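Understanding the architecture of this molecule
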Amino acid sequence: MKNLNLRSSLFGNYCFGAYVPRKEMCLMDIKGETPVIEKFMEKYVNYGLKHEKHGIAEWVLWQKDIPKYVLTEQKNMFIPNWLNLSQKDTISISSTPDGFNSQMDTILEVKCTLPKKECKPNFETKWLPQVFGQQMIANMYFEKQNSPCRIKKTHLINWGENRTKIYEILFSKEFVFYLIELLEEYSLALLSEDKEKINGLEKKAKKLEWNKDEVIKLVYEGVVKN
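Throughout what follows, the structure given in this document is the object of discussion. (Residues numbered from 1 in each chain as written. Predicted model: local features only at pLDDT ≥ 70, side-chain atom pairs only at ≥ 80, totals over all residues. Heavy atoms only, no water.)

1. So, helix α5 (residues 128-144)
In a regular helix each residue adds 1.5 Å, so 17 residues correspond to 24 Å; α5 covers 24 Å between its end C-alpha atoms and thus fits that length. Counting buried residues along α5, 14 of its 17 residues qualify, which places the element largely inside the surrounding structure. In the segment just after α5, Asn146 is the residue with positive phi, at about 55°. (Helix = DSSP H or I, 4+ residues; strand = E, 2+ residues; numbered from the N terminus. Expected span 1.5 Å × (residues − 1). Buried < 20%, exposed > 50% of the residue type's maximum accessible area, 1.4 Å probe, protein only.)

Put into structure tokens, the structure is as follows:
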């Protein structure tokens, strides 16, 4: 039985071919291969793991709140057979956010910037598939658990050793539905291993017309004082 899992950290690839083209990614998933980009990004991943706690600490100082499910206690949210297919072969989706606020209505996601020890000058749209994917999966997970918790927003903490920015990204049904459509297309191509469906992934994803300025706002900026 085939039961493959799509992680929210790679939604940028599954939906938009951000680092690896969608067709190539699908063929690699079918073969069980690891994308080369993951090996290339290893030093950045290790740097992020090392300094994630500093990003969380910056958020705590700003919000005066004690977060949940951070660092070694991160919560893996797993949605089996997310398309509700009545067959043995299925696709699951999962996400492990860097944390939640104490009210469990805000996801914390830390992005540590290595070059020049500065945070990014502006919000990077490449973060959006993971951000909205986490929101989508978290709400699916809470609903399946009969939990009253619902995610309303994400605080993306772009931490740098000299400067940190925190962005607030409101839950967007519009973008989540957009993701679902693209993920479903990818999932069905992956499950079927049908050449026509896989070749269809070569087409560029349709553009979403939306006002991101109403959803994404810079809410905090901190500078390290020497």
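Read on for the rest.
2. Here we look at the pattern of salt bridges
A full pass over the atoms with the stated rule returns 10 salt bridges. Of the charged contacts, one joins Glu202 and Lys23 as a salt bridge, the two residues approaching to 3.6 Å between their closest N and O atoms. Note that Glu202 is positioned in the loop between α7 (195-200) and β8 (216-223) and Lys23 in helix α2 (residues 22-31), a separation of 179 residues in sequence. Glu202 gets classed as exposed once you look at its relative accessible area, which sits at 56%. Between Glu124 and Lys120 there is a salt bridge; the shortest N-O distance is 3.8 Å. Lys120 gets classed as partly exposed once you look at its relative accessible area, which sits at 24%. Shared partners join several salt bridges into a network, and the residues in it are Glu118, Arg163 and Glu221. (Salt bridge = Lys/Arg side-chain N within 4 Å of Asp/Glu carboxyl O.)

3. Observations regarding the packing of aromatic side chains
Summed over all chains, the structure comprises 13 aromatic pairs. Pairing Trp62 with Tyr220 gives two aromatic rings, centres 5.6 Å apart and planes at 40°, and the pair type is tilted. Remark: Tyr220 occurs in strand β8 and Trp62 occurs in helix α4 (residues 42-63); sequence separation between them is 158 residues. Among the aromatic residues, those joined into a cluster by ring pairs are Phe16, Phe132, Phe175, Tyr178 and Trp210. Here the basic side chain of Lys75 rests over the ring of Tyr69, its NZ or CZ set 4.9 Å away from the ring centre. (Phe/Tyr/Trp six-rings, centres within 6.5 Å; stacked < 30°, edge-to-face > 60°. Lys NZ or Arg CZ within 6 Å of the ring centre and 35° of its normal.)

4. Details of the pairing of strand β5 (residues 106-112)
Judged by how many residues are buried, β5 sits mostly within the fold: seven of seven residues are covered. Here β5 shows no split at all, with Thr106, Leu108, Val110 and Cys112 on one side and Ile107, Glu109 and Lys111 on the other all buried. Looking at chain direction, strand β4 (residues 99-100) and β5 are connected through two bridges and run antiparallel. Within β5, the position partnered with Phe100 by the bridge is Ile107. Hairpin remark: β4 followed by β5, antiparallel, with five residues in the connecting loop; positive phi at Met104, about 60°. (Pairing = 2+ DSSP bridges.)

5. Structural notes on the packing of α2 against helix α6 (residues 173-192)
Between α2 and α6, the least distance of the axes is 10 Å, while the angle of their chain directions is 45°. What the angle tells us is that α2 and α6 run oblique. Every pair of crossing elements has a handedness; the one defined by α2 and α6 is right-handed. Where α2 abuts α6, its residues Arg22, Met25, Cys26, Asp29 and Ile30 lie against Leu182, Glu185, Tyr186, Ala189 and Leu190. Class assignment for the residues of the contact of α2 with α6 results in seven nonpolar, no polar and three charged. (Axes fitted to C-alpha atoms, helices over the stretch in contact; angles between N-to-C directions. Parallel < 35°, antiparallel > 145°, perpendicular 65-115°, else oblique. Left-handed = near helix turned anticlockwise from the far one by under 90°. Contact = heavy atoms within 4.5 Å. Nonpolar A, V, L, I, M, F, W, Y, C, P; charged D, E, K, R; others polar.)

6. Observations concerning the sheet that holds β5
Read from one edge to the other, the open sheet built from five strands follows the order β4-β5-β6-β7-β8, with strand pairing classed as mixed. The outermost strands of the open sheet, each flanked by one partner alone, are β4 and β8. Two strands pair when backbone bridges link them, and strand β6 (residues 153-159) and strand β7 (residues 163-170) are joined in this way by seven bridges, in the antiparallel orientation. Directly across from Trp159, in β7, lies its bridge partner Thr164.

7. A look at the side chain of Asn139
In this structure, Asn139 sits in helix α5. Sequence-distant contacts of Asn139, that is, excluding residues within four places in its chain, are made with Arg150, Ile151 and Phe171.

8. A look at the nonpolar core
Nonpolar side chains in soluble globular proteins tend to end up buried together. Counting residues in hydrophobic clusters, the biggest one holds 47 residues, and the most contacted among them are Leu6, Phe11 and Ile169. For this core, the elements supplying multiple residues, two or more each, are α1 (11-16), α2, β2 (77-79), β3 (90-95), α5, β7 and α6. The leading source of residues in this core is α6, at 10 residues. When residues no more than four places from it in sequence are discounted, the contact partners of Ile169 are Phe123, Val131, Phe132, Gln135, Lys153, Thr154, Leu156, Val215 and Ile216. In terms of nonpolar packing, the next biggest core, distinct from the first, is built from 11 residues, Tyr47, Leu108, Trp159 and Tyr220 among them. (Core = buried A, V, L, I, M, F, W, Y, C linked by side-chain atoms within 4.5 Å.)

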